[in-house]
Structure formats: structure tokens, C-alpha cells
Amino acid sequence: MSPGLLHLLDQMPATPVQVISDLGDVLAQNAIAEALLGGMCSVSEHGRNVVWRWFADPAQRAAYPVEEHEYYSRLHVADLRAAVGRRAGDPAAARLVERLLELGEEFACLWELHEVSVRRASRMRVLHPLIGPVELDCQVLLAPEGDQRVVLYTPPVGSDTAERLALLKVVGTGQLTASG
């Protein structure tokens, strides 16, 4: 990770920001991103990888509306295919795809479609357990080398997302109880 990208994370405490590799590994995230999207620390081989977690961990999908799961699945696979194409012959890329193919039919079927797309911008909805559903605009900025991305999650104009994120910043990753 470049020091400049780490500095950027520190300068945006109210905006969820992640730095993600082109293969989907979360390299760093600020506190509000962790509170919104969950921690990504893991000792497992692919535990920090958003694509791996999407296809291997049902809890990851539970944070998104069911009717959008197919969209996110296709988005992840097409973006991964673009990265793997740029990294022809890279053992880490090959290993990730091999492991994903072993998971089951969903990833394998989408991989066979050969859809390629680099994610630049999208709108997403997160079903957060503390602040409820949150709609976000997702902007992806590519680092000059092309192997790292800064992902900014910002409130859509006219939404109540900014207020919900402000609440999340206060409560952080703590748990609220029914009594308060």
C-alpha cells in the first residue's frame, strides 16, 4: 500500500473508504467502512477477499437485499475476470479462481459466461443491523499501477444516508441492545 493511499483513508473519517486490490483483497479500510461493511481481518487464505467472501460466506450476502444478489454476483465475477486477464499467468490469481470454482455451481456458471467489466461506479444497498438499510453511491478510483483501487461509499443526493452514517460513526462497531 502506498503511503498516499493510507493518508487518504485518514483524511476521510466520515466517508467509508476501502483500498482493495484488483483481485478483491481488502488491503485497508477506515473505521467507518469497517463499521458499515464489517472487518476483513482473517488468517484464512482468502478471508480478506470480497469475491471469496461473497461466494463462500452466506453471512456476507445477508448484508445485501436478496433481489440484488444476482447483480452483485455478476459484478464480482466480471471484475475478477478483468483482473485475471491483466495478470495472465499470475499464481495468486489462478489460485483464487481455482478455489472459487471449487465452491460450487454459481461461480462456475458465471465464470463460464466470460463477462469482463472493471467496476468504476455503482449504487448499492447495505442492510446494516444497527442503522438499517443504507443506499450508497460507490466510486472506484484506480491507483496509477492499476493493481489497487480506492473505493468511496458516499450518500446519494437527497437520501438520509449521511445522517445514518453519522449515527454509525457514533455507535461504531458496538452493539445496541433492545433497551438502548
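Residues numbered from 1 in each chain as written. Predicted model: local features only at pLDDT ≥ 70, side-chain atom pairs only at ≥ 80, totals over all residues. Heavy atoms only, no water.

Some details on the side chain of aspartate 79
Condition: A run of H or I in DSSP counts as a helix once it spans at least four residues, and a run of E counts as a strand once it spans at least two, with each numbered from the N terminus. Whether a residue is buried, partly exposed or exposed follows from its accessible area with a 1.4 Å probe, protein chains only, as a fraction of its type maximum: under 20%, in between, or over 50%, in that order. Residues are treated as being in contact if the distance between any of their heavy atoms lies within 4.5 Å.
Tracing the sequence through the fold places aspartate 79 in helix α5 (residues 69-86). You can call aspartate 79 buried: its relative accessible area is 11%. In contact with aspartate 79, not counting residues within four places along its chain, are Asp22, Ser117, Val118, Arg119 and Arg149.

What to know about the packing of helix α6 (residues 91-103) against helix α7 (residues 105-112)
Note the threshold: An axis is simply a line fitted to the C-alpha atoms; with a helix, the fit covers only the stretch in contact. Between two such axes, the angle follows the N-to-C directions and lies from 0 to 180 degrees. When describing relative orientation, an angle under 35 degrees is termed roughly parallel and one over 145 degrees roughly antiparallel, while 65 to 115 degrees is termed roughly perpendicular and anything else oblique. All residues other than Ala, Val, Leu, Ile, Met, Phe, Trp, Tyr, Cys, Pro, Asp, Glu, Lys and Arg, Gly among them, are scored as polar; the first ten of these are nonpolar and the last four charged.
The N-to-C vectors of α6 and α7 enclose an angle of 125°; their axes lie 5 Å apart at closest approach. Considering their axes alone, α6 and α7 lie oblique with respect to each other. Across the interface between the two elements, Val97, Leu100 and Leu101 from α6 touch Phe107, Ala108 and Trp111 from α7. The residue makeup of the contact of α6 with α7, split by class, is 6 nonpolar, no polar and no charged.

What to know about the nonpolar core
The criterion, for reference: Only buried residues count toward a nonpolar core, which is a set of Ala, Val, Leu, Ile, Met, Phe, Trp, Tyr and Cys residues joined through side-chain atoms within 4.5 Å.
Phe55, Leu80, Leu100, Phe107, Met124 and Leu136 are the most contacted members of the largest nonpolar core, which has 38 residues in total. Tallying contributions element by element places α5 first for this core, with 6 residues. Leaving out residues up to four positions away in the same chain, phenylalanine 55 has contacts with Arg61, Ser73, His76, Val77, Leu100, Leu103, Glu106, Phe107 and Leu110. Leu9, Val17, Ala28 and Leu152 belong to the second-largest nonpolar core, a separate cluster that totals 8 residues.

A word on the environment of arginine 123
Topologically, arginine 123 is positioned in strand β3 (residues 121-128). Assessed through its relative accessible area of 42%, arginine 123 is described here as partly exposed. Placed 15 residues apart in sequence, arginine 123 and cysteine 138 show a C-alpha to C-alpha distance of 5.8 Å. Leaving out residues up to four positions away in the same chain, arginine 123 has contacts with Tyr72, Glu135, Leu136, Asp137 and Pro156.

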